[in-house]
Amino acid sequence: MHQPTFPLMAHINKTNAARLLDKAGISYNLIPYTVDENDLAATHVAAELGEDIRCVFKTLVLHGDRSGYFVCVIPGDREVDLKKAARIAGAKKADLIPMKELLPLTGYIRGGCSPIGLKKPFPVFIHQTATEFETIYISAGIRGLQIAISPADLINFIPATVADLTVDTAENTSEEQ
């Protein structure tokens, strides 16, 4: 696994997601970044990490009319396609959950939602581009901390289904350019 280099930090407290990876013997790195409370977007996280936005993934929680709750993990510069997500989850239609439901449902807050260690097990779908990278970044479960992990390790651990989950655009551009 590609190991990004970052300045040595005095001590990083492990999150529940990190402890679960430790318990499973999965290799990862915890990468801190500076939080901007006014900009919780993945583009800000990618810029702080100095990484390509396409390998910094965000975790979205949706509710399908027939499938119930499910999770989509998509590149930070993309938008979830609700029709594709619903179809993949076995629903006719799906919507993002209201923000006020995120913490009670997942145990995580906006800007710190991880696909690892959710309060309850939900089906997880990860965007197909994750497999194009040696390392991807996901939230460690709190704002200001990311997990750098092999996408194959993440997909097998959760377990997640790889799928096309995003809106098709002629060109996905990054705000950091």
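Above this note sits the structure.
Now for a quick tour of the structure. The structure presented is a predicted model; accordingly, all values stated were derived computationally and were not measured.

All right, on to empty space enclosed by the protein then. In this structure the tally under the stated criterion is one cavity of 30 Å³ or more. Each pocket or cavity is described by its volume, and for the largest cavity that value is around 40 Å³. Lining the largest cavity are Tyr 33, Val 35, Asp 36, Asp 39, Leu 40, Ala 41, His 44, Val 45, Gly 111 and Arg 143.

To continue, consider the side chain of Thr 166. Structurally, Thr 166 is set in the segment after strand E8 (160-163). A polar atom in the side chain of Thr 166 sits 2.8 Å from the side chain of Arg 78. Polar side-chain contacts of Thr 166 include one of 3.1 Å to the side chain of His 127. What Thr 166 contacts, discounting residues up to four positions off in sequence, is Ile 74, Pro 75, Arg 78, Glu 79, Val 80, Asp 81, Lys 84 and His 127.

To continue, consider the packing of aromatic side chains. A full pass over the atoms with the stated rule returns two aromatic pairs. Between Phe 70 and Phe 125 the ring centres are 5.9 Å apart and the planes differ by 80°, which places this aromatic pair in the edge-to-face class. With Phe 70 in strand E3 (residues 68-75) and Phe 125 in strand E5 (residues 124-127), this residue pair connects regions lying 55 residues apart in the sequence. Each member of the pair, Phe 70 as well as Phe 125, is classed as buried.

Omega for the peptide link from Ile 158 to Pro 159 comes to -20°, which places this bond in the cis form. One can find Pro 159 in the loop between helix H5 (151-157) and E8.

In this fold, Lys 83 is placed in helix H3 (residues 82-89). Taking C-alpha positions, Lys 83 is 9.4 Å from Thr 166, a pair spaced 83 residues apart along the chain.

Quick look at the sheet that holds strand E1 (residues 28-32) now. The three strands are arranged E1-E7-E6 in an open sheet whose pairing can be described as antiparallel. Strands at the two margins of the open sheet, each flanked by one partner only, are E1 and strand E6 (136-139). For this sheet the average axis-to-axis angle between neighbouring strands, irrespective of direction, equals 30°. Bridge count between E6 and strand E7 (residues 145-149): four bridges; the pairing is antiparallel. Note on E7: the bridge partner recorded for Tyr 137 is Ala 148.

We now examine H3. Listed as buried for H3 are Lys 84, Ala 85, Ala 86 and Ala 89. Residues of H3 that are buried in the fold lie against strand E2 (57-64), E3, strand E4 (94-96) and E5. Among the residues trailing H3, Gly 90 stands out with phi positive, at a value near 85°.

What follows is about the nonpolar core. Formed by 43 residues in total, the largest nonpolar core has its most connected members in Ile 136 and Ile 147. Residues within four places of Ile 136 in sequence aside, it is in contact with Cys 55, Phe 57, Ile 126, Ala 130, Ile 147, Ala 148, Ile 149, Pro 151 and Leu 154. Counting residues in hydrophobic clusters, the runner-up holds 14 residues, among them Cys 72, Ile 74, Ala 89 and Ala 163.

Moving on: the environment of Tyr 33. Structurally, Tyr 33 can be placed in the loop between E1 and helix H2 (42-49). Placed 111 residues apart in sequence, Tyr 33 and Gly 144 show a C-alpha to C-alpha distance of 4.9 Å. The contact partners of Tyr 33, leaving out residues within four places of it in the chain, are Val 45, Glu 48, Leu 49, Gly 111, Arg 143, Gly 144, Leu 145 and Gln 146.

Definitions and cut-offs
- Residues numbered from 1 in each chain as written.
- Predicted model: local features only at pLDDT ≥ 70, side-chain atom pairs only at ≥ 80, totals over all residues.
- Heavy atoms only, no water.
- 1 Å grid on protein atoms, 1.4 Å probe; cavity = no way out; pocket = protein on both sides within 12 Å on 5 of 7 lines; lining within 4 Å.
- Points joined across faces, edges and corners; volume = space filled by probe spheres on them.
- Helix = DSSP H or I, 4+ residues; strand = E, 2+ residues; numbered from the N terminus.
- Polar contact = N/O pair within 3.5 Å; in protein donor to acceptor, adjacent residues only side chain to side chain.
- Contact = heavy atoms within 4.5 Å.
- Phe/Tyr/Trp six-rings, centres within 6.5 Å; stacked < 30°, edge-to-face > 60°.
- Buried < 20%, exposed > 50% of the residue type's maximum accessible area, 1.4 Å probe, protein only.
- Pairing = 2+ DSSP bridges.
- Axes fitted to C-alpha atoms, helices over the stretch in contact; angles between N-to-C directions.
- Core = buried A, V, L, I, M, F, W, Y, C linked by side-chain atoms within 4.5 Å.

These values are about where atoms sit, not about what they do.
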